[in-house]
Structure formats: C-alpha cells, structure tokens
Amino acid sequence: MHIELFSDFVCPWCRIGIHNLFAALEDWSADNGGRKPSITYRAFMLNPDTPEEGVPFKQWAAYLTGGPEQMKRVTDQVTDAAAAVGLTMRFDRIRSYPNTRLAHRLLALTPNEHRTALTNALFQAYFEDGQDIGQLDVLESIAASLPLNEQTLAEQLAQGEGEHAVAWDLQRADRIGVTGIPYFVFESKFALCGAYPKAEFAALLGRMSFGTII
C-alpha cells in the first residue's frame, strides 16, 4: 500500500491527523502479516507568502481567526483535540509563525527511512517547544537530535538543494486539487482531507484490503 501525505508543519490538525493515521496503520500492519505501507511526504504551504523571518504568532493567529478571543477558542479546541489522542499543544510557547519552505526542503533531503521521525520532531519542536522552525540553526539542531548528518544537510540547504522537490510537491498539490490539509492519497485512487479519527482511517484501510471501496 502506498500513501501520499500532504501537510505543513505549522498545521496543528496535520499533526493530529498524521498521528491518527499511523495509529490505524499499526493495527493494519498487525492484521496483514507485518506489512508496512510506503509513505511519501508531500510539501504543502498554508501561507507561502510568509516572510522568511516569519511573523509574530499571536498577531497572525488573531488575524486568521478573527481576533484574540476567537483565537483562544480555536487554540483551546485544537489543544483539547490533541490531548484526546495523547498529543501536547503549547500555543502559549509559540512566538513566531514561520515560513516553512526551509523545513520542507530539509525533509525532502532527508533519507526516506528518517522522514517520519523528522516530521514528528518538527511538529514537536513547533507545537510543544515553541521553536522557530523557519530558521536554519533551529533545523540543524532538530536534525542533530536524530541519526542525521546535520552539517551535510545544512550545506545542502545553503546550496539550494531540496527546492526542486518542494516545488514539485506544491505543483502536484495544485494539479490534484489539494486545497486543505492534512490530505491523504491512498494508492493514487482514494483521498481523505482532514484530521480523521483513528477509527475512520482504520475503516478505510479495511475496505481497501478487502477491495470493497466503490
């Protein structure tokens, strides 16, 4: 089974949806002789025009949601939804809303076997630790916490590598009509958009296994 996964590292629902998908995949793998699906991470940028240096998070979030009070309601809702599946969201620690293109390029340059770990680390760095994942030194530190050669990756980023892969992902998202994330494409046939619960992912995986999706 192959799954394409479109997401952005500043999207809290992406973190929740990806977590739920992988929880469902653990059960699917156990029921299918330990088979593991192949995952292709695709870049998507919620706000591609964000300055490279980022913007103040509270101001940006208030603008997007319609004001400070509405922002608090939204972040409280997301925090509760995350806690319900065992994830932590600390919006009070976030100071900057970053441009995520550099982070997407880093993921594109990372060996396939480490991309899930890096994705989770980037989500944690932003939503739990409040780190500015738009900055090269922060990304180097995150890479160093994993079995990755952060110096080599930093040199590749400085040379512009990874840009073509990110641009291709963004073009693919546009071609297939991705307008919201997280967006999951299964076997190039079936798509889901949203932070679905584990049970709904499990139901889809089960129908695909038995060929009952019409």
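For the structure itself, consult the block above.
K.L.:
Which residues make up the overall build of the protein chain, and what values go with them?
P.N.:
Summing up its helical and strand segments, the protein chain has 9 helices and 6 strands in all. Against the globule reference of 17 Å for 214 residues, the protein chain gives a C-alpha radius of gyration of 17 Å, in line with a compact fold. By its C-alpha atoms, the protein chain is 50 × 45 × 35 Å across when sized along the principal axes. Across the 214 residues of the protein chain, 46% fall into the buried class. Partitioning the intrachain contacts of the protein chain with sequence separation of at least 6 by distance along the chain shows that 73% fall at a separation of at least 24. As displayed, the protein chain offers around 10,900 Å² of accessible surface, 51% of which is attributable to carbon and sulfur atoms. Averaging the positions of the 18 positive and the 26 negative side-chain charges in the protein chain gives two centres separated by 6 Å.

K.L.:
Lay out empty space enclosed by the protein in plain terms, naming residues and giving numbers.
P.N.:
Following the criterion strictly, the structure yields 1 cavity of 30 Å³ or more and no others. A volume near 30 Å³ is recorded for the largest cavity. Those elements giving two or more residues to the lining of the largest cavity turn out to be β2 (38–43) and α4 (101–109). Element by element, the count of residues in the lining of the largest cavity is highest for β2, at 3 residues. Of the residues that constitute the lining of the largest cavity, the class distribution is 4 nonpolar, 2 polar and 1 charged.

K.L.:
Any chance you could break down the layout of surface pockets for me, citing the residues and the numbers?
P.N.:
One number sums up the size of the largest pocket: a volume of about 400 Å³. Around the largest pocket, the lining is made up of 20 residues, and of these Val10, Pro12, Leu46, Leu64 and Tyr97 lie nearest the centre. Among the elements of the structure, α1 (12–31), α2 (57–65), α3 (68–84) and α5 (115–127) are those that each provide at least two residues to the lining of the largest pocket. Top element by residues in the lining of the largest pocket is α2. It accounts for 5 residues. For the lining of the largest pocket, the class distribution of residues is 17 nonpolar, 3 polar and no charged.

K.L.:
Tell me about the packing of aromatic side chains, residues and numbers included.
P.N.:
This model, assessed by the stated rule, comprises 10 aromatic pairs. Across the ring face of tryptophan 168, the terminal group of arginine 175 is positioned such that the distance to the ring centre comes to 5.2 Å.

K.L.:
I'd love a proper account of the pairing of strand β1 (residues 2–7), names of residues and values included.
P.N.:
Most of β1 sits out of view: 5 of its 6 residues are buried. Bridge analysis of β1 against β2 gives 6 bridges, and the strand direction is parallel. Considered in β2, the bridge of histidine 2 is made with serine 38. Handedness of the crossover is the feature at issue here: the chain leaves β1, passes through α1, returns alongside β2, and the resulting connection is right-handed. As defined by bridge partners, β1 adjoins strand β5 (residues 183–186) across 4 bridges and the pair is classed as antiparallel. Within β5, the residue paired with leucine 5 across the bridge is phenylalanine 184.

K.L.:
Kindly report on the sheet that holds β5, identifying the contributing residues and their values.
P.N.:
Here we have 4 strands laid out as an open sheet, ordered β2-β1-β5-β6, and mixed in their pairing. Where the open sheet ends on each side, the last strands, each with one partner, are β2 and β6 (190–193). When the angles between neighbouring strand axes are averaged without regard to direction, this sheet yields 20 degrees.

K.L.:
Give me the lowdown on the nonpolar core, citing residues and values where you can.
P.N.:
Judged by nonpolar contacts, the single largest core of 60 residues is most densely connected at Leu21, Tyr126, Ile133, Ile142, Ile181, Phe184 and Phe186. When near neighbours in sequence (up to four residues on either side) are disregarded, phenylalanine 186 contacts Met1, His2, Ile3, Leu21, Leu192, Phe201, Leu204, Leu205 and Met208.

Procedures and definitions
- Residues numbered from 1 in each chain as written.
- Predicted model: local features only at pLDDT ≥ 70, side-chain atom pairs only at ≥ 80, totals over all residues.
- Heavy atoms only, no water.
- Helix = DSSP H or I, 4+ residues; strand = E, 2+ residues; numbered from the N terminus.
- Rg over C-alpha atoms; globule rule 2.2 N^0.38 Å.
- Buried < 20%, exposed > 50% of the residue type's maximum accessible area, 1.4 Å probe, protein only.
- Contact = heavy atoms within 4.5 Å.
- Areas by Shrake-Rupley, 256 points an atom, 1.4 Å probe, with all protein chains shown as cover.
- Lys, Arg positive; Asp, Glu negative; His and termini not counted.
- Charge placed at Lys NZ, Arg CZ, Asp CG, Glu CD.
- 1 Å grid on protein atoms, 1.4 Å probe; cavity = no way out; pocket = protein on both sides within 12 Å on 5 of 7 lines; lining within 4 Å.
- Points joined across faces, edges and corners; volume = space filled by probe spheres on them.
- Nonpolar A, V, L, I, M, F, W, Y, C, P; charged D, E, K, R; others polar.
- Phe/Tyr/Trp six-rings, centres within 6.5 Å; stacked < 30°, edge-to-face > 60°.
- Lys NZ or Arg CZ within 6 Å of the ring centre and 35° of its normal.
- Pairing = 2+ DSSP bridges.
- Right-handed = clockwise from strand over helix to strand, strands pointing away.
- Axes fitted to C-alpha atoms, helices over the stretch in contact; angles between N-to-C directions.
- Core = buried A, V, L, I, M, F, W, Y, C linked by side-chain atoms within 4.5 Å.

Don't take any of this as a statement about function, it's just geometry.
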